Amino acid sequence: MWFTVQRFTIVHRDKAPQSTQREPVGPSVQDGVALSLPNNFQEFDQSGRPYPTCLVMAHPFLHWPVFVEVKDLLTLVPPLVGLKGNLEMTLASRLSTAANTGQIDDPREQHRVISSNLALIQVQATVVGLLAAMAALLLGALSRGELDFAKVELLCASSVITAFLAAFALGMLMVCIVMGARKLGVNPDNIATPIAASLGDLITLSILAFISSFFYKHKDSRYLTPLVCVGFMALIPVWVLIARQNPPIMKILKFGWFPIILAMMISSFGGLILNKTISEEQYKGMAIFTPIICGVGGNLVAIQTSRISTYLHMWSTPGVLPLWMKKFWPNPCSTFCTSEINSMSARVLLFLVIPGHLIFLYIIYLVEGHSVPNSKTFVVFYLLAGLIQVTILLYLAEVMARLTWHQALDPDNHCIPYLTGLGDLLGTGLLALCFLISWLLRSEAELDGISEPVSAPP
């Protein structure tokens, strides 16, 4: 789950560059779509409203000196926000499963589960912040052919503090949402994970902008950024001691890093596609659509994965699949077309793709209509791409949940990072294909329109 904001200048290669203008293409905000099965369309619309707010709030960051001077800061955003999104979504999914299975009904057990989970994400966020900064520096060095050592300290310190503060704020919010949903009799699986994704992007981006600007203003303080990094790293043993009171959490702390890091790498490829295509004329407006297609796909598959995980925790034990889920690679028809509860929820989520995207398309055209394609051909291809993306993700959620559960692993921790990373990659790739096909068809139509008068008899 990631967020990219860029400005660029397009210079036609077949013409001499004249006075060019810097044109704001618009932000790319992977915003969440909170869906609730009992009241799907209402929740979809209500939780979709923050998208225009994020879109408007992102523009001022483009003018901040730190974003202009530190080019790698924009490269940092996709892996950092994606990693933070995975941490918060897995936390929300774990807490939802704990709530649905009655693990937090007892006050003492509730305190132990919540405190150990919050300590876990503080450790993960600190390490993940450093890894995200390293990934940004590496990607920046590969694209430019050189590494800017002057910006390394600022980037690392900004990333670590942002990850830490965002993890604390979102972690507390997730606890409140899950506890509130439990008391109101609402299934937390349907609301906690999408809200974590929705607010995670905005909160993480805002904190990153303010923290990086602070360090940029104090860049002459030689020891400030190294001391900050060392100080936050020194807190890791404290969080580990708190997490030790819950053995399952300690297991995640020891063996749960691979899915998160691999998901970061998968998501970074999606960011690489966007960075390579966003400055081309035929992909104009892609930055605005990318967060929508990635956000909708990631949130829907996170809901389904969380529901499957809760189902397995309630009806089976780790390592043993229920009789009706013995096949690791089920028939796709059984995933979407049976009366089994997970199949029914997959159908409902799939049916929400088209109306959900249409709602967001309408909002985009109202806000950024001048800078996005509005042809019927593009809309059809875009809706088809969204449908293909979510269909693939929902099927993979079923497959991966069965495989991880058979290996006595918790799908909450091992499936969601992979699936959201794949959602980013699939969404960005399919969206780029939509823009390319639409541009090719439009160019062919324009050429036909030009050639007809020329070939007409005198």
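Note that this is a predicted model, so its numbers are computed, not measured.

Draft legend 1. Quick look at the overall build of the protein. Counting secondary structure elements, the protein contains 18 helices and 4 strands. Sequence separation of at least 24 residues holds for 83% of the intrachain contacts in the protein that already meet a minimum separation of 6.

Draft legend 2. View of the confidence of the model for the protein. Averaged over all residues, the pLDDT of the protein equals 77, while 79% of them reach at least 70. Contacts of residues 1-59 to residues separated by more than four positions or lying in other chains number 167 contacts, the stretch itself having pLDDT below 50.

Draft legend 3. The state of the cysteines, seen in detail. Scanning the entire structure with this criterion turns up 0 disulfides. This cysteine, cysteine 333, is not joined by any disulfide, and cysteine 337 carries the nearest cysteine sulfur, 5.0 Å off. The exposure class assigned to cysteine 333 is partly exposed, which follows from its relative accessible area of 49%.

Draft legend 4. Unusual backbone geometry, seen in detail. We note that alanine 408 has phi near 60°; this positive angle belongs to a residue other than glycine. With respect to the helices and strands, the residue alanine 408 is situated in the loop between helix H16 (376-406) and helix H17 (411-414).

Draft legend 5. Representation of the pattern of salt bridges. For the structure on display, the rule yields 3 salt bridges. Note that arginine 112 and glutamate 109 form a salt bridge whose closest N and O atoms lie 2.4 Å from each other. Of this pair, arginine 112 and glutamate 109 both sit in helix H5 (residues 107-144), 3 residues apart, which is roughly one turn of that helix. Linking glutamate 398 and arginine 402 is a salt bridge whose minimum nitrogen-to-oxygen distance equals 2.9 Å. Of the two residues, glutamate 398 and arginine 402 both sit in helix H16, 4 residues apart, roughly one turn of that helix. Side by side, glutamate 398 and arginine 402 carry an identical accessibility label, which is buried.

Draft legend 6. Representation of helix H15 (residues 353-368). Over its 16 residues, H15 extends 21 Å from the first C-alpha to the last, a length consistent with the 22 Å expected when each residue adds 1.5 Å. Residues of H15 that are buried include every one of Val353, Gly356, His357, Phe360, Leu361, Ile363, Ile364 and Glu368, and no others. Down the axis of H15, the smallest arc covering the buried residues is 165°, so these residues share one side. For H15, exposure combined with an orientation more than 90 degrees from the buried face picks out Tyr362 and Leu366.

What counts and how
Residues numbered from 1 in each chain as written. Predicted model: local features only at pLDDT ≥ 70, side-chain atom pairs only at ≥ 80, totals over all residues. Heavy atoms only, no water. Helix = DSSP H or I, 4+ residues; strand = E, 2+ residues; numbered from the N terminus. Contact = heavy atoms within 4.5 Å. pLDDT = per-residue confidence, 0-100. Disulfide = S-S within 2.5 Å. Buried < 20%, exposed > 50% of the residue type's maximum accessible area, 1.4 Å probe, protein only. Salt bridge = Lys/Arg side-chain N within 4 Å of Asp/Glu carboxyl O. Expected span 1.5 Å × (residues − 1). Arc of directions from axis to C-beta.

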